[in-house]
Amino acid sequence: MSLRHPILGGLCCMLFPLSGMAQAFIDASDRLPTDATSFQTKDVWVEDVDEDGDADIILANEFQLNVMLLNDGAGYFTLADYGLLPNSEHDSESIVMADFNMDGHQDLIFVSEDDFEHEYYWRLGSDTFALAPYFLPFTVCRGIAVGDVNNDAFPDAVLGNNGQNMLLLNDGNGQLQNQFFDWLPFINDLTQDVVLEDFDGDNDLDLFVANEDINFLHVNNGSGIFTDETQFRLPQGLNIDTRRVILEDVDSDGDMDLYLCNVAFTVGKDPRNRLFLNNGFGVFTDVSDTHLPGYNDQSLDAEFLDIDQDGFRDLVVSNVLGVPMYCYKNNGQGVFFDVTASYLGNYTIEGFGIASADFNNDGFTDLYICNAEGKDVLLLADPLFLSTDAELIAPQLAIYPNPAKGCFRSTLIVERSMMSFFFSLMVRVLSRKN
């Protein structure tokens, strides 16, 4: 088909030169307070801290004050008054929030590594956080997971420690009581992360333990007593150091799969990240060779989000030691392709943590990345980048009101499909000509 119409030919030519030039995110780091976002941040949590309906940010910092950033609703952040959170400096590693005392407000825990002292705060109405009247065990802890493991409707917690991990059962009043060794398998491991999820489909929460050496999968009997079934459920023989495990149903089959963020901080470890697919009954298969790009990562965190608005969860990976951040597109069956150049651009930062939310309330998912060697990075989704094939943007000029009556305004509408744009434009031109 020959395009000889001057309008059609000109506009169609606009489609192709834009290939590969646009990016899915706009760097909006200038919306962050510099001093409060330039610490040694180890973890980030997104929550509506001030209960005003938008996504705020909490940062866990290493031997510095932990930080709360309050969102104005449009994606501009200010440092929360330090009175909102008690002033306390510890080696904070991870964050969780849950309504532990069942009063309708989200409470807060920071776990600490080198100084052993965890911070447990209760939310007091919508005004402030205060130290809970109960203390957590003193441990060397890097990861924490929260969930109702014994099906009593109260959120419990698992501490991922250097040594024996701990299960803390909630008594319903917010007291988290250590169950010692009779509820969790006794294993002296170096745990970096823990997650709770119903992996085997029996309606209770199982436990995945990410370690510096061998990872474990513990199966819940329904009452909160866990049995180690690693040998039968996880791929064996991998020499990996896993720092974070991310849950997502990547192949859209109704169960949670595992993405393992790995590093080579010690000699001999394989730094490549791993993707384990769940068969629906809690038995996992390593599909990394066929489903992931074959990069040697150095990853401390990752985030699943639907970047291209096609209904499938894509992946952004945060790396350290000079390895850039990666962006992978999901084909809908859990197979990921590198689209970093077109979607993310070049970000080589020491990315310790990453989180996503619609920070500016425009209907698109944004990213926050913790930068251990400088100011953190806020990336806002670009609404003009809505192509499902990661390459093409099709602009269309719209005039309001239509018909115009003396005055009008124009805007760019981005079509999801180049073909739908082309044919709709052709129909308009031909109908106008007739």
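Look a little higher up for the structure.
A quick note: this is a predicted structure, and the numbers were derived from the prediction, not measured.

Student: Could you clarify how one ought to interpret the sheet that holds strand E23 (residues 314-319) in this entry?
Tutor: In a beta sheet, neighbouring strands pair by backbone hydrogen bonds and run either parallel or antiparallel. What the 4 strands build is an open sheet, ordered E22-E23-E24-E25; its pairing is antiparallel. Two strands close off the open sheet at either side, each with one partner strand: strand E22 (299-305) and strand E25 (336-338). On average, adjacent strands in this sheet sit at an angle of 25° to one another, irrespective of strand direction. Pairing geometry for strand E24 (residues 326-330) and E25, over 3 bridges, is antiparallel. Residue Asn330 lies in a different strand from E25, and its bridge partner there is Phe336.

Student: Help me understand the pattern of salt bridges in this model?
Tutor: Opposite charge on two side chains permits pairing when their charged atoms draw close. The tally for this structure, following the rule as stated, stands at 15 salt bridges. With a shortest N-O distance of 3.6 Å, Asp308 and Lys329 are connected by a salt bridge. Separated by 21 residues along the polypeptide, Asp308 in the loop between E22 and E23 and Lys329 in strand E24 bring together distant segments of the chain. Each member of the pair, Asp308 as well as Lys329, carries the same accessibility label: buried. Members of the salt-bridge network, linked through shared partners, are Asp43, Asp193, Arg244 and Asp301.

Student: Explain the environment of Lys269 to me, please; I cannot follow it from the model alone.
Tutor: Following the sequence through the fold, Lys269 ends up in the loop between strand E19 (257-263) and strand E20 (274-278). Residues Lys269 and Leu238 lie 31 residues apart in sequence; the distance between their C-alpha atoms is 9.0 Å. The contact partners of Lys269, leaving out residues within four places of it in the chain, are Glu212, Asp213, Asn239, Ile240, Asp241, Val263 and Ala264.

Student: How should I be thinking about the nonpolar core in this particular structure?
Tutor: Buried together is how nonpolar side chains tend to be arranged in soluble globular proteins. With 20 residues, the main nonpolar core has Phe25 and Val316 as its most contacted residues. For this core, the element with the most residues is strand E28 (residues 377-381), which contributes 3 residues. Ignoring anything within four residues of it in the chain, the contact list for Phe25 reads Leu305, Ile307, Tyr343, Leu344, Thr365, Asp366, Leu367, Leu379, Leu380, Ala381 and Asp382. Membership of the second largest hydrophobic core comes to 18 residues, among which are Phe39, Leu69, Ala355 and Cys370.

Student: Got a minute to help me understand unusual backbone geometry in this structure?
Tutor: Glycine aside, a negative phi is what most residues show, and trans is what most peptide bonds show. Positive phi is not limited to glycine here, since Phe116 has a value of about 65°. Note that Phe116 resides in the loop between strand E7 (107-112) and strand E8 (119-124). Judged by its relative accessible area of 40%, Phe116 falls in the partly exposed class.

Student: Which parts of the structure should I look at to understand the layout of surface pockets?
Tutor: Empty space among the atoms becomes apparent when a probe as large as a water molecule is rolled across them. In this structure, the largest pocket occupies an estimated 780 Å³ of space. Broken down by secondary-structure element, the contributors of at least two residues to the lining of the largest pocket are strand E2 (41-47), strand E6 (89-98), strand E10 (141-147), strand E14 (189-197), strand E18 (241-248), E22 and strand E26 (351-357). In terms of residue count, E18 provides more of the lining of the largest pocket than any other element does, 5 residues in total.

Student: What should I look at first to understand the packing of aromatic side chains in this one?
Tutor: The description of two aromatic rings rests on the distance between their centres and on the angle between their planes. Throughout the structure, instances matching the rule amount to 11 aromatic pairs. Centroid distance Tyr326 to Tyr328: 5.9 Å. Interplanar angle 15°. Geometry classified as stacked. Cation over ring: Arg31 sits above Tyr76, and NZ or CZ is 4.0 Å from the ring centre.

Thresholds applied
- Residues numbered from 1 in each chain as written.
- Predicted model: local features only at pLDDT ≥ 70, side-chain atom pairs only at ≥ 80, totals over all residues.
- Heavy atoms only, no water.
- Pairing = 2+ DSSP bridges.
- Helix = DSSP H or I, 4+ residues; strand = E, 2+ residues; numbered from the N terminus.
- Axes fitted to C-alpha atoms, helices over the stretch in contact; angles between N-to-C directions.
- Salt bridge = Lys/Arg side-chain N within 4 Å of Asp/Glu carboxyl O.
- Buried < 20%, exposed > 50% of the residue type's maximum accessible area, 1.4 Å probe, protein only.
- Contact = heavy atoms within 4.5 Å.
- Core = buried A, V, L, I, M, F, W, Y, C linked by side-chain atoms within 4.5 Å.
- 1 Å grid on protein atoms, 1.4 Å probe; cavity = no way out; pocket = protein on both sides within 12 Å on 5 of 7 lines; lining within 4 Å.
- Points joined across faces, edges and corners; volume = space filled by probe spheres on them.
- Phe/Tyr/Trp six-rings, centres within 6.5 Å; stacked < 30°, edge-to-face > 60°.
- Lys NZ or Arg CZ within 6 Å of the ring centre and 35° of its normal.

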